Amino acid sequence: MNNKWRYFIIMLLGAVMNEGLSIIAAPYPVWLDVSGTALAALVLEPAAGLIVGLVNNFIIAFFRYDQTTLIYYCVSAAVAVIVGNLVKNKEGKITVKGVIYAILLVIAASTVLSSTLTIWQSGGVSNAEFELVKFNAFVAKGMHPYAACILTTFIIKIYDTLATAVIVGIIYAILPKKLKYNMQK
């Protein structure tokens, strides 16, 4: 398969995954909006994941929330860079160690980035209903709003990252070899 077509197919699949899964996940306490970003970074390279994430964040910013949410692209970018650089070893093989490191680093990085941006943008109050419920419960128990934002984000990022890892793993496993690997010589 022509490598340009391979890139096109995987990046299109990634964009569809990001949008489709985030819509399906809307009633649940997960985002799943970086699944396609992670897949593109894993299969192709971090730069492909960066592009898929950017497309996703534009769609979210302009069609679901508002333009101020575009700043959350840094979370997608972090996922693309982390997954694209940690999951596979130098020989291009996925390693358990790489997957575990990537999951832990994505949880940490996305928690720090998301909660910092939410605190900066809205004083810690999320515009996502499922985050707002947890946030309000923590604040009602006397927790400072910033701490409530960080803890809420952390909890949701654990669920979100683990679910995303499982989904990406399943999609990767069923991808045809001609899409997984550059077969051109």
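### Points about the nonpolar core
(1) Moving on: Ile10, Leu39, Val43 and Val83 are the most contacted members of the largest nonpolar core, which totals 29 residues.
(2) Moving on: Looking at this core, the elements that each hand over two or more residues are helix 1 (3-24), helix 2 (35-43), helix 3 (46-64), helix 4 (73-86), helix 5 (96-122) and helix 7 (145-174).
(3) Moving on: Broken down by element, this core gets its largest block of residues, six residues, from helix 2.
(4) Moving on: Discounting residues that sit within four places of it in the chain, Leu39 has contacts with Leu13, Met17, Val168, Ile171, Tyr172 and Leu175.
(5) Moving on: Membership of the second largest hydrophobic core comes to five residues, among which are Ile119, Phe138, Ala148 and Cys149.

### Here we look at the pattern of salt bridges
(1) Moving on: For the coordinates displayed, the defined rule picks out one salt bridge.
(2) Moving on: Of the charged contacts, one joins Glu19 and Arg64 as a salt bridge, the two residues approaching to 2.4 Å between their closest N and O atoms. Of this pair, Glu19 sits in helix 1 while Arg64 sits in helix 3; the two residues are 45 residues apart in sequence, bridging distant segments of the chain.

### Things to note about the side chain of Asp160
(1) Moving on: Mapped onto the secondary structure, Asp160 falls in helix 7.
(2) Moving on: Among buried Asp, Glu, Lys and Arg side chains, Asp160 stands out as unpaired, with Lys157 the closest opposite charge at 4.5 Å.
(3) Moving on: Beyond its immediate chain neighbours, meaning those up to four positions away, Asp160 contacts Val30, Trp31 and Leu32.

### Some remarks on the environment of Asn136
(1) Moving on: In this fold, Asn136 is placed in helix 6 (residues 129-140).
(2) Moving on: According to the relative accessible area criterion, Asn136 is partly exposed, its value standing at 40%.
(3) Moving on: In this structure the C-alpha to C-alpha distance between Asn136 and Thr69, which are 67 residues apart in sequence, comes to 21 Å.

### Description of helix 3
(1) Moving on: Taking 1.5 Å per residue as the helical rise, helix 3 with its 19 residues ought to reach 27 Å, and the 26 Å between its terminal C-alpha atoms agrees with that figure.
(2) Moving on: Three or more residues of helix 3 are buried, namely Ala48, Gly49, Val52, Gly53, Asn56, Asn57, Ile60 and Ala61.

Cut-offs and rules
Residues numbered from 1 in each chain as written. Predicted model: local features only at pLDDT ≥ 70, side-chain atom pairs only at ≥ 80, totals over all residues. Heavy atoms only, no water. Core = buried A, V, L, I, M, F, W, Y, C linked by side-chain atoms within 4.5 Å. Buried < 20%, exposed > 50% of the residue type's maximum accessible area, 1.4 Å probe, protein only. Helix = DSSP H or I, 4+ residues; strand = E, 2+ residues; numbered from the N terminus. Contact = heavy atoms within 4.5 Å. Salt bridge = Lys/Arg side-chain N within 4 Å of Asp/Glu carboxyl O. Lys, Arg positive; Asp, Glu negative; His and termini not counted. Expected span 1.5 Å × (residues − 1).

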